[in-house]
Amino acid sequence: MTRKMRGASAVALGATVALLAGACAGQGTADQDTDDTTTEAAEGGDVTIEWWHNSDTGEGKEYYDQVAADFEAANPGVTINVQAQDHEDMLTRLQAAFQAGDGIPDVYMSRGGGELLREVEGGLVRDLTDDAADTIGTLDAFVGQYTVEDRVYALPFSMGLVGFWYNTDLFAEAGIDEVSENPTIEEFNGYVEALKAADIDPVSVGAGDGWPAAHYWYYNVVRECPFDTVEAAVETGDYSDGCFITAGENLEDLLETEPFNPGFLATGAQAGPTSASGLLATERVGMELAGHWEPGVVGGLREDGEVPDWLGWFAYPTFPGQAGDPADQMGGGDAWSVSADAPDASVDFAEYLLTEEVQTGFAELDMGLPTYPGTGENLSNEGLRQLIEVRDGGGQAQLYLDTRLGQSVGGAMNDAIALMFAGQAGPQDIVDAIEDAAAQEQ
Amino acid sequence: MADNVTASADASSATSSGPAAGATRQGRPAAGQSAGGRRAAHSDLRKRLEIAFFVAPALGLFVLFVVWPVITAVQMSMFRWNGIGPLENFVGLDNYARVLNSDVFIGSLVNNLIIVASSIAIQLPLGLAIALLLNRRMWGQGLLRTIIFMPYVLAEVVAGVIWFQLLQPQYGVIDTLLEAIGLTPPPQGWLGDMDLALWTIIVILTWKYIGLAVILFLAGLQGVPDELYEAAQLDGASWWQVQRKITIPLLGPTIRTWAFLSMIGSLQLFDMVWIMTRGGPANATSTMAIFLVNEGTNRANFGIAGAASVVLFFIALVFAVLYQQLIMKRDTKGGA
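Residues numbered from 1 in each chain as written. Chains lettered and ligands numbered in written order. Predicted model: local features only at pLDDT ≥ 70, side-chain atom pairs only at ≥ 80, totals over all residues. Heavy atoms only, no water.

What follows deals with the overall build of chain A. Scanning chain A from N- to C-terminus turns up 18 helices and 12 strands. Long-range pairs, those at least 24 residues apart, make up 73% of the contacts in chain A between residues at least 6 apart in sequence. For chain A, the accessible surface area stands at approximately 17500 Å², while carbon and sulfur atoms represent 45% of it. (Helix = DSSP H or I, 4+ residues; strand = E, 2+ residues; numbered from the N terminus. Contact = heavy atoms within 4.5 Å. Areas by Shrake-Rupley, 256 points an atom, 1.4 Å probe, with all protein chains shown as cover.)

Encoded structure:
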């Protein structure tokens, strides 16, 4: 095979290779102080706030435009430059801005965990602990994932959970009359067997993208390890506690029952009808493990674009003798961060986004699972309201472990878990991969 | 950069002085010689300035977009860096050790080598056969040539998406067709089975790139003089003998150039694999470029990505130089 090249010389090849590397890397020596213009403008009275979010379609986009306009009207002299963009595009642009130390928006979405830690260490994100103390007090239950050494760096506006979304019609067809909201692993295996007996592929998983498969291992960790054990392990990089091995063994047991869709190793997460979410949306599998985004994704993958009536939800199964609190869940959310050099009005705006009023509208449009106490009742989708009950039911929420551990360790971990799905790695290999990558970061 | 300009200006003035020196040897009068020398010196300077003027912009771009990134990549490969802040954590050659000790990288390298070897082993005879066939006068020749060349014109990403959909397990066109004629497709799908995925990709690469081989070989065939065929026919050579003794030897330079392009392309392979498998399942289709993007863009291990890119550069360089020296030398010699 060949690819078209203008000059068949080694130099041209080297150029391509190096360019690729160069493009990946950006530049290490860029200075980090930026946005002099905004700061000056703030002193002069007129302020422009650059706001990036990912609600780039339909009602969500209109709503956020309205929110920005309302804030401008209430704060003369403040202009908000709203940039609604596709989620993946936004992440890429943010990453590029952070690396260059230039063009970082004033208010942007943060996912917490290792990514936030990196921004904090780089001095790129503003400490909101004192400036937004009241709002932080209101959101107390959710700020943990955005806290670094007791300082809060982002205001969570949506916090969701991962669980099984299932097709109630197909479950009924398979003769599963009672679906528990909190099944045990035996009950879950029973569902899988019943679906198989009815010739329905039980579970879809987008192992081709890595993280959807990795969610199984994370959840096994949440089930098998006490919350504090995980926290300590993340802190020290020492994952020798036996519960991490048990989590891997539980996953191996599950894989042995062969619950997944044919070709799951190459299946994508959510893009198109042949992705894991697509298989659920087109009624070809019984269920899928996914987060609170699933109703939106499934709806988007159906011909009529509507969230189907048959979509139900139950929690990840529990295991006999598990050391984790059964009420603990795994999930994650989105929060508003303010960049280090943003004008002060940006903090006011971020706080405004977390008022009861704005969060209520946010809930009514099912844009996420709101964090302002009580606003969850306004969610239109019943499945999502059910999630709010579980989320606020007293357990603790562990952040998706790959986000928690950051790109480097998280990537190595996801790779090892994907190898287990392919039958190429055992429980110890996953732990080794995490410890090895974590040691490199120390 | 300035040094380079002077160097190349020197080099060209050295060549241009050749004929002048020859002329002197042919016996010019001494007076004329000195006058000519002064003129030559003047025009030499002028020539140098001209060269500097015309080469500088291109050289500037070359340095900015090629030399400087290469240097940055080498510099980056000596540090542990997550993409934010200055390069501080110097680790020497540690990143190289990690790359070369990584099973994934070695696996990727092996995959690249398998693709290099199989691309040539499959596409050379196949391309040659198709080219010889299409070189005969026949009905629909132009149409057939277009069909064969079409996949090559298609963007690699587009081809990747199309094949990805065709190869879907269960619901894809290919599996449906296979089932219709009573065959059982692999349960995990062509791209989801660790033993099949790489070979599936090699088949698709063959489909995609056979057009280039055919078109190059066809072009080469046009350069074989008709007289040779006529002479062979007069001597009573069969069609096979003509191909073996005349066509293929005379196609040698074309074949060797094509093989070089194919090799370099195989070493750099990225887009198609990224679209279809992202290097999976379980790294079964990972290539060096995929390893590099995974480490750099996805995991923010820019030092390791830098080291991998330098390793990839050297492997490609060694291949290129050896190939030029051992195989293409006689072509370049013959051409000079």
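This is not the end of the story, as more comes after the structure.
Turning our attention to helix H3 (residues 58-74) of chain A. Residues and elements named next belong to chain A. For H3, which comprises 17 residues, the first-to-last C-alpha distance of 25 Å matches the rise-based estimate of 24 Å (1.5 Å per residue) to within 8%. Inspection of H3 places Gly60, Tyr63, Tyr64, Val67, Ala68 and Phe71 among the buried residues, and these make up the whole buried set. Viewed along the axis of H3, the buried residues span an arc of 135°, placing them on a single side of the element. Away from its buried face by more than 90 degrees, H3 exposes Glu59, Glu62 and Ala73. On the buried face of H3, the contacting elements are strand S1 (47-53), strand S2 (78-84), strand S6 (155-161), strand S11 (329-338), helix H14 (345-352) and helix H15 (356-364). (Expected span 1.5 Å × (residues − 1). Buried < 20%, exposed > 50% of the residue type's maximum accessible area, 1.4 Å probe, protein only. Arc of directions from axis to C-beta.)

Residues and elements named next belong to chain A. Residues Phe188, Tyr216, Trp217, Met287 and Phe421 are the most contacted members of the largest nonpolar core, which totals 62 residues. In terms of residue count, the dominant contributor to this core is helix H17 (residues 401-421) (9 residues). When neighbours within four sequence positions are excluded, Trp217 is seen to be in contact with Phe244, Ala247, Gly248, Leu251, Leu401, Met413, Ile417, Ile430 and Ile434. Among the nonpolar cores identified, the runner-up in size contains 51 residues, and Tyr64, Leu124, Phe157 and Ala335 belong to it. (Core = buried A, V, L, I, M, F, W, Y, C linked by side-chain atoms within 4.5 Å.)

Moving on to the environment of Tyr219 of chain A. Residue and element names in this part refer to chain A. By the element assignment, Tyr219 lies in helix H9 (residues 211-224). As for Tyr219 and Gly331, which are separated by 112 residues in sequence, their C-alpha atoms are 9.4 Å apart. Apart from residues no more than four positions distant in its own chain, Tyr219 is found in contact with Val162, Tyr316, Gln329 and Met330.

Moving on, we come to the sheet that holds strand S8 (residues 201-204) of chain A. All names here are of chain A. Judged by pairing direction, the sheet is mixed, and its 4 strands sit side by side in the order S8-S9-S7-S10 without closing on themselves. On the outer flanks of this sheet lie S8 and strand S10 (311-314), each paired with one strand and no other. Taking the axes of each pair of neighbouring strands and ignoring which way they run, one obtains an average angle of 25° across the sheet. As paired elements, S8 and strand S9 (residues 285-290) share 3 bridges and run parallel to each other. Bridge pairing in S9 links Val203 to Met287. (Pairing = 2+ DSSP bridges. Axes fitted to C-alpha atoms, helices over the stretch in contact; angles between N-to-C directions.)

A probe matching the size of a water molecule, rolled over the atoms, marks out where space remains unfilled. Across all of its chains, the model carries 5 cavities of 30 Å³ or more by this definition. Lining the largest cavity are Asp201, Asn261, Pro262, Thr267, Thr274, Leu279, Arg284 and Val285 of chain A together with Gln168, Pro169, Gln170 and Tyr171 of chain B. Counted as a void, the second largest cavity has a volume near 60 Å³. Taken together, Gly263, Ala266 and Thr267 of chain A together with Phe164, Leu167, Gln168, Pro169 and Leu191 of chain B make up the lining of the second largest cavity. A breakdown of the residues in the lining of the second largest cavity according to their chemical character gives 5 nonpolar, 3 polar and no charged. (1 Å grid on protein atoms, 1.4 Å probe; cavity = no way out; pocket = protein on both sides within 12 Å on 5 of 7 lines; lining within 4 Å. Points joined across faces, edges and corners; volume = space filled by probe spheres on them. Nonpolar A, V, L, I, M, F, W, Y, C, P; charged D, E, K, R; others polar.)

Another aspect to go through is unusual backbone geometry. All names here are of chain A. Located in the positive-phi region is Glu283, a residue other than glycine, with phi close to 60°. Checked against the element boundaries, Glu283 lands in the loop between helix H12 (276-281) and S9. A residue is classified by how much of its surface remains accessible, and Glu283, at 37% relative accessible area, is partly exposed.

With that settled, consider the interface of chain A and chain B. Every contact between the two is made by 50 residues of chain A and, on the other side, 67 residues of chain B. Here chain A and chain B share an interface that buries about 5000 Å² over both sides, 62% of which is from carbon and sulfur atoms. For the interface between chain A and chain B, the tally reads 3 salt bridges. For Asp415 of chain A, the salt bridge is made with Arg299 of chain B, and the minimal N-O distance between the two is 3.4 Å. On inspection of chain A and its partner chain B, the count reaches 10 residue pairs in polar contact (both at pLDDT 80 or more). Contributions of two or more residues to the side of chain A that touches chain B are made by helix H1 (10-25), helix H4 (87-100), H17 and helix H18 (427-441) of chain A. Examining the composition of the side of chain A that touches chain B, we find that 13 residues originate from one element, H1 of chain A, more than from any other. A breakdown of the residues in the side of chain A that touches chain B according to their chemical character gives 24 nonpolar, 18 polar and 8 charged. (Buried area = accessible area lost by both parts, 1.4 Å probe. Salt bridge = Lys/Arg side-chain N within 4 Å of Asp/Glu carboxyl O. Polar contact = N/O pair within 3.5 Å; in protein donor to acceptor, adjacent residues only side chain to side chain.)

Residue and element names in this part refer to chain A. A full pass over the atoms with the stated rule returns 42 aromatic pairs over all chains. Seen from their ring centres, Phe260 and Phe264 are 5.4 Å apart, and the 50° between their planes marks the pair as tilted. On the accessibility criterion, Phe260 (9% relative accessible area) is buried. Take Phe264: its relative accessible area is 10%, and that puts it in the buried class. By way of ring pairs, the aromatic residues Phe164, Tyr166, Phe171, Phe188, Tyr191, Tyr216, Tyr219, Phe260, Phe264, Phe314, Tyr316 and Phe421 are connected into one cluster. The residue whose ring lies beneath Arg93 is Trp52, and the NZ or CZ to ring-centre distance is 4.3 Å. (Phe/Tyr/Trp six-rings, centres within 6.5 Å; stacked < 30°, edge-to-face > 60°. Lys NZ or Arg CZ within 6 Å of the ring centre and 35° of its normal.)

A surface patch of like charges, here negative, comprises Glu121, Glu149, Asp150, Glu235 and Glu441 of chain A. Mapped onto the fold, Glu149 of chain A is located in the loop between strand S4 (147-148) and strand S5 (151-152). (Patch = residues over 30% accessible without salt bridge, like charges linked within 9 Å, V, L, I, M, F, W, Y side chains within 5 Å. Lys, Arg positive; Asp, Glu negative; His and termini not counted. Charge placed at Lys NZ, Arg CZ, Asp CG, Glu CD.)

Of the residues in chain A, 90% reach a pLDDT of 70 or more, and the chain-wide mean stands at 85. This model gives residues 1-44 of chain A a pLDDT under 50, and the stretch forms 97 contacts once residues within four places in sequence are excluded. (pLDDT = per-residue confidence, 0-100.)

Bringing the UniProt feature "transmembrane region" (unreviewed entry) in chain B into the picture now. Residue and element names in this part refer to chain B. Within this structure's numbering, the places UniProt gives as "transmembrane region" (unreviewed entry) are residues 51-71, 113-134, 146-166, 196-219, 258-277 and 302-323. Secondary structure within residues 51-71 divides into 100% helix and 0% strand; the distance between the first and last C-alpha atoms comes to 26 Å. In this annotation, residues 302-323 is assigned 100% helix and 0% strand; the end-to-end C-alpha distance for the span is 31 Å. (UniProt positions renumbered as here; feature names shortened; annotations may be inferred.)

All names here are of chain A. Tracing the sequence through the fold places Asn381 in the loop between H15 and helix H16 (382-391). By relative accessible area, which is 16% here, Asn381 ends up buried. A polar contact is formed between the side chain of Asn381 and the backbone nitrogen of Leu384, at a distance of 3.0 Å. Those residues within four positions of Asn381 in sequence are excluded, and the remaining contacts are Pro295, Val307 and Asp366.

All names here are of chain B. There is a patch of nonpolar side chains on the surface, built from Leu133, Met138, Leu143, Leu144 and Ile147 and spanning about 460 Å² of accessible area. In terms of residues, the nonpolar patch owes the most to one element, helix H5 (residues 141-153), which gives 3 residues. Following the sequence through the fold, Leu133 ends up in helix H4 (residues 103-134).

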